Amino acid sequence: MSFRTVTVLGATGSIGVSTLDVIARHPQRYRVHALSAHSRMEQLAAQAAASQAAVVVVPDDAARARFAAAWQGRARLPEIRVGAQALADTAADSASDTVMAAIVGAAGLPSALAAAQAGKRVLLANKEALVVAGRLFMDAVRRSGAELLPIDSEHNAIFQCLPHAGRASAPAAPAPGVRRLLLTASGGPFRIRPLGELAGVTPEQACAHPNWSMGRKISVDSATMLNKGLEVIEAHWLFAMPAERIEVLIHPQSVVHSMVEYEDGSVLAQLGQPDMRTPIAYGLAFPERTPAGVSPLDLARHGRLDFETPDLARFPCLRLAFEALRAGQGACVALNAANEIAVEAFLRGAAPYTAIAAIIESVLAGDWPRAGDALGSLDGLLDLDAQARERARETLARLGVTGAR
Ligand code: NAD
Ligand code: MG
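Predicted, not measured: the structure shown is a model, and the values here were computed from it. Numbering of residues begins from 1 in every chain and follows the order in which that chain's sequence is written. Here the convention is simple: chains get letters from A, ligands get numbers from 1, in the order in which they are written. Only residues with pLDDT of 70 or above have their local features reported here, since the model is predicted, and side-chain atom pairs are shown and tallied only from 80 upward, although totals for entire chains, interfaces and linings are computed over all residues.

Asks: I'd love a proper account of the nonpolar core, names of residues and values included.
Replies: The nonpolar side chains of a soluble globular protein tend to be buried, and buried together. In this description, a nonpolar core means buried residues of the types Ala, Val, Leu, Ile, Met, Phe, Trp, Tyr and Cys, linked to one another by C-beta atoms lying within 7 Å. Exposure is read from a count of other C-beta atoms within 10 Å of each residue's own; the residue is exposed at 12 or fewer, buried at 20 or more and partly exposed in between. C-beta atoms are placed from the backbone. Formed by 130 residues in total, the largest nonpolar core has its most connected members in A101, A321, A338, A342 and I360. Secondary structure elements follow DSSP: runs of H or I of four or more residues count as helices, runs of E of two or more count as strands, with numbering from the N terminus. Considering each element in turn, this core owes the most residues, 12 residues, to helix α14 (residues 329-347). Two residues qualify as a contact pair if the distance between their C-beta atoms, derived from the backbone, is within 7 Å. When residues no more than four places from it in sequence are discounted, the contact partners of A321 are L226, G229, L230, V232, I233 and L335.

Asks: Any chance you could break down the site of ligand 1 for me, citing the residues and the numbers?
Replies: Taken together, 25 residues surround ligand 1, and among them G10, G13, H38, M214 and G215 come closest. Broken down by secondary-structure element, the contributors of at least two residues to the shell around ligand 1 are α1 (14-24), α6 (127-144) and α9 (216-224). Counting residues per element, the shell around ligand 1 draws most heavily on α1, at three residues. As a rule, any residue with its backbone-derived C-beta atom within 6 Å of a molecule or strand is reported as near that molecule or strand.

Asks: Any chance you could break down the packing of α14 against helix α16 (residues 378-398) for me, citing the residues and the numbers?
Replies: A fitted line through C-alpha atoms serves as each axis, taken over the contacting stretch for helices, and the angle formed by two N-to-C directions is quoted from 0 to 180°. Remark: α14 packs on α16, axes separated minimally by 8 Å, with the N-to-C direction vectors making an angle of 45°. As the angle between them shows, α14 and α16 are arranged oblique. The chirality of how α14 crosses α16 is right-handed. Of the residues in α16, those in contact with G330, V333, A334, A337, A338, I341, A342 and A345 of α14 are L381, L384, D385, A388, R389, A392, R393 and L396. What sets the label is the angle itself: under 35 degrees gives roughly parallel, over 145 gives roughly antiparallel, 65 to 115 gives roughly perpendicular, and the rest give oblique. For any helix crossing, the convention is left-handed if the near helix is rotated counterclockwise from the far helix by under a right angle, and right-handed if that rotation is clockwise.

Asks: Could you give an account of the packing of helix α2 (residues 41-51) against helix α3 (residues 61-71), naming the residues involved and the relevant values?
Replies: At a minimum axis distance of 8 Å, the contact between α2 and α3 shows a crossing angle of 55°. The angle between the axes of α2 and α3 places the two elements in the oblique class. Our pair here, α2 against α3, has a crossing hand that is right-handed. Contacts between α2 and α3 involve M41, E42, L44 and A45 from the first element and A63, R66, F67, A70 and W71 from the second.

Asks: I'd like a description of the pairing of strand β11 (residues 267-271), backed by residues and values.
Replies: Between any two strands, pairing holds if DSSP finds at least two bridges. For strand β10 (residues 256-262) and β11, the ladder comprises five bridges, and the chain directions are antiparallel. For M259, the partnering residue across the bridge sits in β11 and is A269. Connecting the antiparallel pair β10 and β11 is a turn made up of four residues, with G265 showing a positive phi of about 100°.

Asks: Give me the lowdown on the UniProt feature "binding site: NADPH" (unreviewed entry) in the protein chain, citing residues and values where you can.
Replies: UniProt positions are given in the numbering used here, feature names are shortened, and annotations may be inferred rather than shown by experiment. Mapped onto this numbering, the UniProt entry annotates "binding site: NADPH" (unreviewed entry) at T12, G13, S14, I15, N126, E128 and G215. Considering the arrangement of structural elements, one finds S14 in helix α1. You can call S14 partly exposed: it has 19 C-beta atoms within 10 Å. Residues in contact with S14, not counting those within four places in the same chain, are S213, M214 and G215. Looking at the secondary structure, you find I15 in helix α1. Filtering out sequence-adjacent residues up to four positions away, I15 remains in contact with G10, A102, A125, I151 and M276.

Asks: Any details on helix α5 (residues 109-117)? Residues and values, ideally.
Replies: Most of α5 is tucked away: nine of the nine residues are buried. Among the residues making up α5, those that are buried are L109, P110, S111, A112, L113, A114, A115, A116 and Q117. Where α5 ends, the next residue or the one after it, G119, has phi of about 75°, a positive value.

Asks: Can you break down the environment of V333 residue by residue, with the values?
Replies: Along the chain, the position of V333 falls in helix α14. Here the alpha-carbon distance between V333 and E231, two residues 102 residues apart in the chain, equals 14 Å. The residues touching V333, leaving out its near neighbours within four places in the chain, are V132, L381, L384, D385 and A388.

Rendered as structure tokens:
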């Protein structure tokens, strides 16, 4: 058993909270070094106190003041670091060996990449980092010798079903003998809702996921199935698998978290409760296994497991993600940026649900680079990301929505 010192980026989010829950179950295995959060400083202070974090990272001076105020009455204030550069520096900090990358959106890319470049064990929840910077990120992992462990439940399932000889790796080619990866998807809250009603659905309805409890952005992505599209791109990079060998299957019960199909006809699946503490505990303890606080799976209670092919007319975002993956890295940056802008507008009630796919489609129709310098550096990718966000805002404005961030 190796003792690990862990930094949790995005500690106050759904994945962050689950990560701290698993860590707290194993004080003899894990210690917290640093925690980061973007808002909710009272929650961050409570987490830092409970986990005895040495460092917290907050976005600006106002947040620093709120953190310090929330700390009042407790002993030994942690070191408070401020800003985006401090976040990336903390991800690479030599005081920790393991980094949970659980910030939502492309905002999490620089810190996740810094952890990869610094050769950490990177527990990657932030799928947007791979969508935006797949090649750069995987190259960084290979060059530094980082250990990359996927936390997204589907990719964690696939990782568990692939041969890896007890070592995490960033493969340059598909694992020998593997024919296809089968990514399962619940289909979200609108799997069977009449198509004509989708224009009128509310953020609350979109965030009411039937099986998983998650942050609001990924909940909307699950409703549109853009989340599965991002996961197809994520699987492409993690497992060096071409798009045509990745299949998406709707599985409403969310018991089978994904599968690997081998050339001899074998299909290996990983099953479990829809509880992110399972993949988190797996990534923290790999290659060992530890309790995660998750109750046993009762298959007899489920009785049956269903599978169906996704309907691309209902889920245009899934089609758009496959198109972006085929069109190249620039299009993937644009897909992700347009989605982040569109989902933010939908969540604050400024754009209808059906505008999300329309905005992504309109932004993707632009001319995005397949190759070239822009895609080879973090700055180049962030620049493209900013351009795509601007396009998405223009599209929103044409639809009569203003004030998009
Ligand atoms: P969340 O919204 O619950 O939490 C996000 C965290 O990121 C918070 O701590 C927040 O303070 C921080 N954050 C937000 N914006 C930031 C910014 N601009 N700069 C720095 N920090 C910022 O999100 P979540 O559901 O925990 O998801 C986190 C990531 O994990 C996402 O990429 C998501 O796709 C992925 N993921 C989540 C789940 C899940 O079950 N929640 C499952 C698989 C993958
Ligand atoms: Mg997932």
